[in-house]
Amino acid sequence: MELDDLRHIWQDLATQDSVELSESELVPILRQKANDAISLLKRNLKIEMNICLYVCLPVLVLGCIFMDMPTFMLGFFVASVIFTGLFVIYYRRELHFLEVSQQIVNLKEFLSTTIQNLSSFVRFYLWFNYIVTPIFIFFGIYWKASQYSDYLIVTLLMTVILSVISNFFIRWYVQRLYGRYLKILQKNLNELIEENV
């Protein structure tokens, strides 16, 4: 094919009007896109819930039972077991919400309700990790470094450094797991609102 032919095809495509979809044609497409994003969100929630339930919780419980540790470390492990259990309950609540919300007939209501709920979940999840991660890092380093002299200064310094590094990872992780699907849902809602205007 000649270069001129390619130019003509490109110009023809550029001058064609974009296809306008009516609301009745747009709604099923947006509903399917939203359901796809919701399915991926549910998958990610189930994976995290199962990791908490079948990996973290048993490790923490076994650590409480079998590890010889100071009383304050035992208290930390017990608190970790409680937080992990509460997170499993929170994940189950979010999964239930996503199941129920998919039954909402009105697409705009479904999208806005889901976006609002997931936005608060992502905000809570992000800030919870920002707060809890340094605590876990501190206790992990303190437990191992307490046998050395000046261990408290080293523990605090390492906690600050690792916490700053972990914040970048946490932000990326939450965005990858939940944020990008939330953006898809928001884009779908914006398209629906523009169509109604």
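Here's a quick rundown of the structure. (Residues numbered from 1 in each chain as written. Predicted model: local features only at pLDDT ≥ 70, side-chain atom pairs only at ≥ 80, totals over all residues. Heavy atoms only, no water.)

**Section: the overall build of the protein**
So, step 1. The helix and strand inventory of the protein stands at five helices and zero strands.
So, step 2. Long-range pairs, those at least 24 residues apart, make up 77% of the contacts in the protein with a sequence separation of at least 6.
So, step 3. Carbon and sulfur atoms make up 66% of the accessible area of the protein, which amounts to about 12,900 Å² in all. (Helix = DSSP H or I, 4+ residues; strand = E, 2+ residues; numbered from the N terminus. Contact = heavy atoms within 4.5 Å. Areas by Shrake-Rupley, 256 points an atom, 1.4 Å probe, with all protein chains shown as cover.)

**Some remarks on the pattern of salt bridges**
Between side chains of opposite charge, pairing is possible as soon as their charged atoms come close.
So, step 1. Tallying each qualifying case throughout the model produces two salt bridges.
So, step 2. One salt bridge connects lysine 42 with glutamate 99, and the closest N-O pair in it is separated by 3.1 Å. Of this pair, lysine 42 sits in helix α2 (residues 23-66) while glutamate 99 sits in helix α3 (residues 71-101); the two residues are 57 residues apart in sequence, bridging distant segments of the chain.
So, step 3. We classify lysine 42 as buried; its relative accessible area is 12%.
So, step 4. For glutamate 99, a relative accessible area of 37% gives the class partly exposed.
So, step 5. Among the salt bridges present, the one from arginine 93 reaches glutamate 94, with a minimum N-O distance of 3.3 Å. (Salt bridge = Lys/Arg side-chain N within 4 Å of Asp/Glu carboxyl O. Buried < 20%, exposed > 50% of the residue type's maximum accessible area, 1.4 Å probe, protein only.)

**Concerning the environment of tyrosine 181**
So, step 1. Within the secondary structure, tyrosine 181 sits in helix α5 (residues 151-196).
So, step 2. Relative accessible area serves as the criterion here: at 6%, tyrosine 181 is assigned to the buried category.
So, step 3. The sequence separation of tyrosine 181 and isoleucine 38 amounts to 143 residues, and the corresponding C-alpha distance is 7.5 Å.
So, step 4. Each residue touching tyrosine 181, except ones within four places of it in the same chain, is listed here: Ala37, Leu40, Leu41, Arg43, Asn44 and Arg176.
So, step 5. One polar contact links tyrosine 181 to arginine 180, side chain to side chain, over a distance of 3.0 Å. (Polar contact = N/O pair within 3.5 Å; in protein donor to acceptor, adjacent residues only side chain to side chain.)

**Topic: the side chain of serine 163**
So, step 1. Considering the arrangement of structural elements, one finds serine 163 in helix α5.
So, step 2. Overall, serine 163 belongs to the buried group, its relative accessible area being 9%.
So, step 3. One polar contact links the side chain of serine 163 to the main-chain carbonyl oxygen of threonine 159, over a distance of 2.6 Å.
So, step 4. Beyond its immediate stretch of four places on either side in the chain, serine 163 contacts Pro134 and Ile137.

**Some details on the nonpolar core**
So, step 1. In terms of nonpolar packing, the biggest core is built from 37 residues, with Leu41, Tyr91, Phe121, Tyr178 and Leu185 touching the most fellow members.
So, step 2. Only α2, α3, α4 (107-145) and α5 provide two or more residues apiece to this core.
So, step 3. Among the elements that make up this core, the one with the highest residue count is α4 (12 residues).
So, step 4. Each residue touching tyrosine 91, except ones within four places of it in the same chain, is listed here: Leu45, Glu48, Met49, Cys52, Phe121, Tyr125 and Tyr178.
So, step 5. Listed in part, the seven residues of the second largest apolar core include Met69, Met73, Phe77 and Phe139. (Core = buried A, V, L, I, M, F, W, Y, C linked by side-chain atoms within 4.5 Å.)

**Details of the environment of tryptophan 127**
So, step 1. In this structure, tryptophan 127 sits in helix α4.
So, step 2. Tryptophan 127 sits in the exposed class, given a relative accessible area of 53%.
So, step 3. For the pair tryptophan 127 and isoleucine 170, spaced 43 residues apart in sequence, the C-alpha separation works out to 9.6 Å.

**Description of the environment of asparagine 106**
So, step 1. Checked against the element boundaries, asparagine 106 lands in the loop between α3 and α4.
So, step 2. A distance of 3.2 Å separates a polar atom in the side chain of asparagine 106 from the backbone nitrogen of glutamate 109.

**Focus on the packing of aromatic side chains**
So, step 1. Tallying each qualifying case throughout the model produces 21 aromatic pairs.
So, step 2. Ring centres 6.1 Å apart and planes at 85° place the aromatic pair phenylalanine 76 and phenylalanine 77 in the edge-to-face group. Here the two residues phenylalanine 76 and phenylalanine 77 agree in accessibility, since each one is buried.
So, step 3. Ring centres 5.9 Å apart and planes at 35° place the aromatic pair phenylalanine 169 and tryptophan 172 in the tilted group. Of this pair, phenylalanine 169 and tryptophan 172 are both found in helix α5, three residues apart, which corresponds to roughly one turn of the helix. (Phe/Tyr/Trp six-rings, centres within 6.5 Å; stacked < 30°, edge-to-face > 60°.)

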